Amino acid sequence: QVQLVESGGGLVQAGGSLRLSCAASGRTFNAYSVGWFRQAPGKEREFVAAKSWTETSVYADSVKGRFTISRDNAKNTVYLQMDSLKPDDTAVYYCAAGSGWPLTTPSGFVYWGQGTQVTVSS
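What this report covers is the structure whose coordinates are included nearby. (Residues numbered from 1 in each chain as written. Predicted model: local features only at pLDDT ≥ 70, side-chain atom pairs only at ≥ 80, totals over all residues. Heavy atoms only, no water.)

## Points about the environment of Val 63
Mapping Val 63 onto the fold places it in the loop between β6 (57–59) and β7 (67–72). Distance in space between the C-alpha atoms of Val 63 and Asn 30 is 24 Å, their sequence separation being 33 residues. Apart from the residues lying within four places of it in its own chain, the contact partners of Val 63 are Arg 38 and Val 48. (Helix = DSSP H or I, 4+ residues; strand = E, 2+ residues; numbered from the N terminus. Contact = heavy atoms within 4.5 Å.)

## A short note on the nonpolar core
Within the largest apolar cluster, 35 residues are counted, with the highest numbers of intra-cluster contacts made by Leu 4, Trp 36, Val 48, Phe 67, Leu 80, Met 82 and Tyr 93. If you list the elements that add at least two residues to this core, you get β1 (2–7), β3 (18–26), β4 (33–39), β5 (46–51), β7, β8 (77–82), β9 (91–98) and β11 (116–121). Looking at this core element by element, the count peaks at 5 residues for β9. (Core = buried A, V, L, I, M, F, W, Y, C linked by side-chain atoms within 4.5 Å. Buried < 20%, exposed > 50% of the residue type's maximum accessible area, 1.4 Å probe, protein only.)

## Here we look at the side chain of Thr 116
Considering the arrangement of structural elements, one finds Thr 116 in strand β11. Overall, the relative accessible area of 11% leaves Thr 116 in the buried class. Here the side chain of Thr 116 touches Gly 9 through a polar contact of 3.2 Å, landing on its backbone nitrogen. Those residues in contact with Thr 116 that lie beyond four places of it in its chain are Glu 6, Ser 7, Gly 8, Gly 9, Leu 20, Ala 91, Val 92 and Tyr 93. (Polar contact = N/O pair within 3.5 Å; in protein donor to acceptor, adjacent residues only side chain to side chain.)

## What to know about the environment of Ser 70
With respect to the element layout, Ser 70 can be found in strand β7. We classify Ser 70 as partly exposed; its relative accessible area is 28%. Considering only alpha carbons, one finds Ser 70 and Val 110, 40 residues apart in sequence, at a separation of 19 Å. Once residues lying within four places of it in the same chain are set aside, the contact partners of Ser 70 are Lys 51, Thr 77, Val 78 and Tyr 79.

## Observations regarding the pattern of salt bridges
Considering all chains together, one arrives at 5 salt bridges under this definition. One salt bridge in this structure joins Glu 46 and Arg 38, with 2.8 Å as the shortest N-O distance. A relative accessible area of 33% places Glu 46 in the partly exposed class. Through salt bridges that share partners, Arg 38, Glu 46, Arg 66 and Asp 89 make up one connected network. (Salt bridge = Lys/Arg side-chain N within 4 Å of Asp/Glu carboxyl O.)

## As for the pairing of β4
Where a strand is regular, its side chains alternate between the two sheet faces. β4 sits mainly inside the fold: 6 of its 7 residues count as buried. Sheet analysis places β4 next to β9, joined by 7 bridges and oriented antiparallel. Along β9, the bridge assignment pairs Phe 37 with Tyr 94. Here β4 runs beside β5; their pairing, made up of 5 bridges, is antiparallel. If you follow Phe 37 over to β5, its bridge partner there is Phe 47. Once β4 ends, the chain turns through 6 residues before running back antiparallel as β5, passing Gly 42 with a positive phi of about 80 degrees. (Pairing = 2+ DSSP bridges.)

## A few points about the state of the cysteines
One pass over the structure, following the stated rule, counts 1 disulfide. Each sulfur of the disulfide joining Cys 22 and Cys 95 lies 2.1 Å from the other. Sign of the S-S torsion, about -80 degrees for the bond between Cys 22 and Cys 95, identifies this disulfide as left-handed. With a gap of 73 residues between them, Cys 22 in strand β3 and Cys 95 in strand β9 connect regions that are remote in the sequence. No difference in accessibility class separates Cys 22 from Cys 95, as the two residues are buried. (Disulfide = S-S within 2.5 Å.)

Honestly, that's just the spatial picture; any functional story needs more than this.
Here's what the structure looks like:
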């Protein structure tokens, strides 16, 4: 079992930045691929970014060049640095962990956090 807890969400103006954190506990965290998804009201959960245990990263086209995923295995923590935020980035952001690679769909991830709200005002 892996438990994930997100933090760092909030309200920010368009063009601003936020850094989300995801603290993991439980089994060996550095053996898992980790990812971030988001879900806006009335929409399906959407892939944002993922990073393998070998540090390979992949991003959704909508966030490429603006968001950066990183992980600190010593702290069992995953981060999502979000820059140049847009109102369309408003959503609940979820952290996830799973085995295998590449992982860009929700079905590939086994463990999920509870989500953190990000709201970008225009």
